[in-house]
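# Reading the structure
Given next are the chains, with one letter for each unit.
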Amino acid sequence: MTGEGSEASGPEVAIVEDERNLRELYLDVLSARGLRVVPLESVAAAEEYLSRRAPDLLLLDVKLGDGDGLVLLDRLRGQGLRTPVIVVTAFGTVERAVQALRAGAADFLVKPFSNERLVSAVGAALEAGRRWEELELAAPRLEERKAGGELIGAEGGLKDVAALLPRVAASEATVLVRGESGTGKELVARAIHQASPRLDGPFVSVNCAALPSTLLESELFGFERGAFTGAHARRKGLIETAEGGTLFLDEIGDMSLEAQARLLRVLQEREITRIGGREAVRVDIRVISATHRDLDAMAASGQFRSDLLYRLAVIPIRLPPLRERAGDIPGLIEHFLEKHAARKGQRAPRPDAATLLRVAEYHWPGNVRELENFVERAVVLGRFDVESLRAPASPKPAPPVEPQEEGAASAASVLTLREAVARAERAAVIAALKAAGGQKTVAARLLGVSYKTLFNKIHEHDIREELHIG
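As the structure is a computational prediction, the values presented were derived from the model and not from experiment.

## Notes on the environment of Pro321
Tracing the backbone through its elements, the reader meets Pro321 in the loop between strand 14 (315-318) and helix 13 (329-344). Residue contacts for Pro321: discarding those within four places in its chain leaves Glu180, Thr183 and Asn367.

## Section: the sheet that holds strand 3 (residues 57-61)
An order of 2-1-3-6-7 is seen for the 5 strands of this open sheet, with the pairing classed as parallel. With one partner strand each, in any of the chains shown, strand 2 (36-40) and strand 7 (107-111) form the two edges of the open sheet. Strand-to-strand twist of the sheet, defined as the mean angle between neighbouring strand axes without regard to direction, takes the value 20 degrees. Summarising the sheet, strand 3 and strand 6 (residues 85-90) pair through 4 bridges and their orientation is parallel. Within strand 6, the position partnered with Asp61 by the bridge is Val88. Strands strand 1 (12-16), strand 2 and strand 3 of the sheet are contacted by helix 2 (residues 43-50), whose axis makes an angle of about 135 degrees with strand 2. Where helix 3 (residues 69-78) meets the sheet, its contacts fall on strand 3 and strand 6, and the angle it forms with strand 3 comes to roughly 145 degrees.

## Quick notes on the packing of aromatic side chains
Tallied over the full model, the rule gives 5 aromatic pairs. Ring plane angle 65 degrees and centroid distance 5.9 Å describe the contact between Trp364 and Phe374, whose orientation is recorded as edge-to-face. Of this pair, Trp364 sits in the loop between helix 14 (353-361) and helix 15 (367-381) while Phe374 sits in helix 15, and the two are 10 residues apart along the sequence. With a relative accessible area of 0%, Trp364 lands in the buried category. Ring pairs connect the aromatic residues Tyr362, Trp364, Phe374 and Phe384, which therefore count as one cluster.

## Comments concerning the pairing of strand 1
Counting buried positions over the 5 residues of strand 1 gives 5, a clear majority of the element. Both faces of strand 1 are covered, namely the face carrying Glu12, Ala14 and Val16 and the face carrying Val13 and Ile15. With 5 bridges joining them, strand 1 and strand 2 adopt parallel strand pairing. By the bridge assignment for strand 2, Glu12 is matched with Arg36. Crossover handedness for the path strand 1 to helix 1 (residues 20-31) to strand 2: right-handed. Relative to strand 3, strand 1 runs parallel, the two sharing 4 bridges.

What counts and what doesn't
Residues numbered from 1 in each chain as written. Predicted model: local features only at pLDDT ≥ 70, side-chain atom pairs only at ≥ 80, totals over all residues. Heavy atoms only, no water. Helix = DSSP H or I, 4+ residues; strand = E, 2+ residues; numbered from the N terminus. Contact = heavy atoms within 4.5 Å. Pairing = 2+ DSSP bridges. Axes fitted to C-alpha atoms, helices over the stretch in contact; angles between N-to-C directions. Phe/Tyr/Trp six-rings, centres within 6.5 Å; stacked < 30°, edge-to-face > 60°. Buried < 20%, exposed > 50% of the residue type's maximum accessible area, 1.4 Å probe, protein only. Right-handed = clockwise from strand over helix to strand, strands pointing away.

Next comes the structure, spelled out in structure tokens:
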């Protein structure tokens, strides 16, 4: 039976499953839906078939008689296979299936599962694959887009995140974005949506911390007429509003345990029941969530459902705070200067050495959001207000100053003009290098000097070892 497809004329689905009864079951169920099914009983058969054809979908079991399905998936992806893949696994290997999702699988099914779950997963994966093909042909690629200032800095701290986004966008897997407030979690979620097959669908953003738990449930799941006082008519919830698109749940760590249980059912069954209702409503959404909380610790203490966390964090993305991505600051400043100067019709001021020094030393507790406010204020005032930046976190205490009589300053404490210029020059170079994350080309541009001049100044002021730069 291996390699012999059904006679249907719809999309082609290749099934890699070594248990004959399951292959035949999948064949019967999917063929009845008009799909062309190609049953394959082994890794070897799959590799031979896929060397000749690229099906519309691959249904891949993890545990096969002659090899490991996940190893096969890695090998196929390395060879450039773009076909959507659904991983099928027994309960004991779910953790490995999640690893497969992180590697680019579209979904996973845990045995045993219903025929309806199979059909639903296959339909969603085929639709995602179709939309992704259309997107690749007709829409700009992610790296050609500007998804907001927080995604600027592919050469700095966001390099790994930027490289991951196209693969994440192509998948239907849930994403959990972690990071401090102000790091741009919603912008990352929007970037994923805008580069995904769900581009034409809605992007619905919900701040779970902004609503009381009872109101959050009714907003998310909707309600039927008479469900509670004031429910005068049926109302769709935000989950239904996101149909065909992306639901972004910001500050998911603030969601009540009751709402978490309802959300878990949505992720498992792809259906909801409105408050006060009995009818299950099918939904086609992708869920991206975000938090600044430590959900692992919350799950350990019972404040967050561990089974929900497991479902939400199939693909985890961590956004580093601005203090860890100093190399992105110059690009961010340039971006925000252009943005706000154009919006206000004003000329953008340029940062001087003192500004660069303060920016490099500042802790940025408000992250990129605070930096944008700082730049916008500079555009309005026509200058950078460095005094508005508080001292760096945990500053070193200044040495005590001995009181002196008027005119009794020691001659040793007075700098010559050359020494004062050298000290200021050294401080400016250090500030620029810190702001540029050690990238000398960027630092030279900030200082308005050539790369060669900067290189010479680094050696002249003996600051190479201090900053650990090359």
